[in-house]
Amino acid sequence: MSSRRTFIKKSLVAGSALIPLQLVQSCATSDASSNSEKFKPLILATWDHGMPANDRAWEVLGQTGSVIDAVEEGVKVTELDMDNLSVGLQGLPDREGIATLDASIMKGDGSCGSVAFLRQIKHPISVARKVMEETPHVMLAGEGARQFAIAKGFPLEEEILSPKAAKAFEAWKVDSQYKPIINIENHDTIGMIALGADGQMAGSCTTSGLAYKMHGRVGDSPIIGAGLFVDEEVGAATATGLGESIIRICGSFLIVELMRQGRSPQEACEEAVRRLISKNRKDLDDLQVGFLAFNKDGEYGAYALRQGFTYALHHTDEKVLRNSTYAI
Ligand code: SD4
């Protein structure tokens, strides 16, 4: 319960430290029509750290016109952010004290790549892109993914926890309770989706996953259709939150398919959360999930299970951090 309170507390100050207050727009109720404006280009990313990531993605999109470059370079900012304990090698470790990373990347034409349970590599998103572009496969995991990264010239980092992660891990070890609860201490995955002015689209998702997870655990982020899905005929979606609950409903794929059937991005995100509630009833008190989506016309949507999910929106006229609407 206290973790939920902390989560909610954090949500109330979301963005206030770094973002001018007038840019933080709160939508306290569900309103499927509120996001019916259309924007192209458009970039959406999860959580507060989506703001600097979107800035970089926007810059790259302007320079290269490439949405895939934009979503890769954008989330690389977060992968290096020492204050983020849920993305990159500085993230909180598993219960053995080892940081293991998951990431995926996808283009609107169905090309995709991902890595799971990867150790010692600073930019898992770039390894995922290499899997997409330079192998006949979609997903590499564990030691095979690490060897592939080494072969592609990625430097191997020393396997030591960041000072913040080491301190948190020491504190966790006192009780060593295995509680896969999504709260402010153990979540903040970045998922980013981008739509170019020319209609091209791409997405990326990268995380150190659930804090103190079992060694070998893989979440939704590297699973195409769960943490990320992009189809240029329809739109794109990405997810954050407790991966097990998202995998159970193929969350991002579900949203894209609902849009294909005519739902708006907002309606599709809301329906996915309803589905998630129905399939995760017994764990509901201890989990948070947030979804982002856009369709090919540039309409977008965002919805979360509970209060506290923020997302960054960037288009030609505005860059803004928003509080998502939520279900319970
Ligand atoms: C996971 N979905 O590994 C990730 C965690 C997350 O914000 O999104 N945290 O389950």
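Preceding this section is the structure that the text describes.
So, here is what we can say about the structure in this document. What you see is a predicted model, and the numbers here were worked out from it, not measured in a lab.

### Overview of the environment of Ile193
Thought 1: Following the sequence through the fold, Ile193 ends up in strand E6 (residues 190-195).
Thought 2: In this structure Ile193 comes out as buried when scored by relative accessible area, which is 0%.
Thought 3: Along the chain, Ile193 and Leu228 lie 35 residues apart, while their C-alpha atoms are 8.6 Å from each other.
Thought 4: In this structure, Ile193 is in contact with Leu42, Ile43, Leu44, Ala202, Gly203, Leu228, Ala236, Ala237, Thr238, Leu292, Ala293 and Phe294, ignoring residues within four places of it in sequence.

### Here's the deal with the site of the ligand
Thought 1: Lining the immediate environment of the ligand, one finds 14 residues, of which Thr189, Arg217, Asp220, Thr240 and Gly241 sit closest.
Thought 2: Between Asp220 and the ligand, the recorded distance is 2.5 Å, taken from a side-chain N or O atom to a nitrogen atom.
Thought 3: A distance of 2.8 Å separates an oxygen atom of the ligand from a polar side-chain atom of Thr240.
Thought 4: Taken by itself the ligand offers 290 Å² of open surface, and the protein chains cover 100% of this.

### Remarks on the packing of aromatic side chains
Thought 1: All chains considered together, the criterion is met by 8 aromatic pairs.
Thought 2: Ring geometry for Phe39 and Tyr300: centres 6.5 Å apart, planes at 35 degrees, overall tilted. Of this pair, Phe39 sits in the loop between strand E1 (24-26) and strand E2 (42-46) while Tyr300 sits in strand E11 (residues 300-304), and the two are 261 residues apart along the sequence.
Thought 3: For Tyr300, a relative accessible area of 1% gives the class buried.
Thought 4: Consider the rings of Phe229 and Phe253, whose centres lie 5.0 Å apart with planes at 85 degrees: the pair is edge-to-face. Here Phe229, found in strand E8 (residues 228-231), pairs with Phe253, found in helix H8 (residues 251-260); they are 24 residues apart in sequence, far enough to count as distant.
Thought 5: The class of Phe229 is buried, set by a relative accessible area of 13%.
Thought 6: Overall, Phe253 belongs to the partly exposed group, its relative accessible area being 35%.
Thought 7: Put simply, the rings of Phe39, Trp47, Tyr300, Phe309 and Tyr311 touch in pairs and so form one group of aromatic residues.

### Topic: the packing of helix H3 (residues 67-79) against helix H4 (residues 124-134)
Thought 1: Direction vectors running N to C along H3 and H4 enclose 150 degrees, while the axes themselves pass 8 Å from each other. In terms of axis orientation, H3 runs roughly antiparallel to H4. Where H3 approaches H4, its residues Ile68, Asp69, Glu72, Val75, Lys76 and Glu79 are matched on the opposing element by Pro124, Ile125, Ser126, Arg129 and Met132.
Thought 2: Split into classes, the residues belonging to the contact of H3 with H4 amount to 5 nonpolar, 1 polar and 5 charged.

### Describing the pairing of strand E9 (residues 235-241)
Thought 1: With respect to burial, E9 is a largely interior element, 7 of its 7 residues being buried.
Thought 2: Judged by which residues are buried, E9 turns out to be covered on both faces: Gly235, Ala237, Ala239 and Gly241 on one side and Ala236, Thr238 and Thr240 on the other are all buried.
Thought 3: If you look at the hairpin formed by E8 and E9, you'll find 3 residues sitting between the two strands.
Thought 4: Of the pairings in the sheet, the one linking E9 to strand E10 (residues 289-295) comprises 7 bridges and is antiparallel in character. Following the sheet pairing, Ala237 is matched in E10 by Ala293.

### Concerning the sheet that holds E11
Thought 1: Taken together, the 5 strands give an open sheet; going across it, the order is E8-E9-E10-E11-E14, and neighbouring strands pair in mixed fashion. Among the strands making up the open sheet, the edge pair consists of E8 and strand E14 (325-326).
Thought 2: Alignment of E8 against E9, held across 4 bridges, turns out to be antiparallel. Among the inter-strand pairings, Phe229 is bridged to a residue of E9, identified as Ala237.
Thought 3: Helix H9 (residues 265-279) contacts E10, E11 and E14 of the sheet and is inclined by roughly 25 degrees relative to E11.

### Observations regarding H3
Thought 1: Here H3 is 13 residues long and its end C-alpha atoms lie 18 Å apart, about the 18 Å a rise of 1.5 Å per residue gives.
Thought 2: Summarising burial for H3: 10 of the 13 residues are buried, a large majority.
Thought 3: For H3, the set of buried residues is Val67, Ile68, Ala70, Val71, Glu72, Gly74, Val75, Lys76, Thr78 and Glu79.
Thought 4: Summarising the contacts, the buried residues of H3 are in contact with helix H2 (50-64), strand E3 (101-107), H4, E6 and strand E7 (201-207).

### Some points on the pattern of salt bridges
In a structure, side chains of opposite charge can pair up when their charged atoms sit close to one another.
Thought 1: By the definition in use, this model includes 20 salt bridges.
Thought 2: Between Lys76 and Glu73 there is a salt bridge; the shortest N-O distance is 3.3 Å. In this pair, Lys76 and Glu73 are both assigned in helix H3, 3 residues apart and thus about one turn of the helix distant.
Thought 3: By relative accessible area, Glu73 is classed as partly exposed at 21%.
Thought 4: Measuring nitrogen to oxygen at the nearest pair gives 2.7 Å for the salt bridge that ties Lys164 to Asp83. Taken as a pair, Lys164 in helix H6 (residues 163-175) and Asp83 in the loop between H3 and E3 lie far apart in primary sequence, 81 residues in all.
Thought 5: Residue classification places Lys164 among the partly exposed residues on the basis of a relative accessible area of 42%.

### Focus on unusual backbone geometry
Thought 1: Residues Lys40 and Pro41 are joined by a peptide bond in cis, for which omega reads -5 degrees.
Thought 2: As for its position among the elements, Pro41 is in the loop between E1 and E2.
Thought 3: Phi angles above zero are rare outside glycine, and Gln120 is one such case at about 70 degrees.
Thought 4: Counting through the fold element by element, Gln120 comes out in the loop between strand E4 (112-118) and H4.
Thought 5: According to the relative accessible area criterion, Gln120 is buried, its value standing at 14%.
Thought 6: One non-glycine residue, Tyr212, adopts positive backbone phi at about 60 degrees.
Thought 7: In this structure, Tyr212 sits in the loop between E7 and E8.
Thought 8: Judged by relative accessible area, which is 12%, Tyr212 ranks as buried.

About the criteria used
Residues numbered from 1 in each chain as written. Predicted model: local features only at pLDDT ≥ 70, side-chain atom pairs only at ≥ 80, totals over all residues. Heavy atoms only, no water. Helix = DSSP H or I, 4+ residues; strand = E, 2+ residues; numbered from the N terminus. Buried < 20%, exposed > 50% of the residue type's maximum accessible area, 1.4 Å probe, protein only. Contact = heavy atoms within 4.5 Å. Near = heavy atom within 4 Å. Polar contact = N/O pair within 3.5 Å; in protein donor to acceptor, adjacent residues only side chain to side chain. Areas by Shrake-Rupley, 256 points an atom, 1.4 Å probe, with all protein chains shown as cover. Phe/Tyr/Trp six-rings, centres within 6.5 Å; stacked < 30°, edge-to-face > 60°. Axes fitted to C-alpha atoms, helices over the stretch in contact; angles between N-to-C directions. Parallel < 35°, antiparallel > 145°, perpendicular 65-115°, else oblique. Nonpolar A, V, L, I, M, F, W, Y, C, P; charged D, E, K, R; others polar. Pairing = 2+ DSSP bridges. Expected span 1.5 Å × (residues − 1). Salt bridge = Lys/Arg side-chain N within 4 Å of Asp/Glu carboxyl O.

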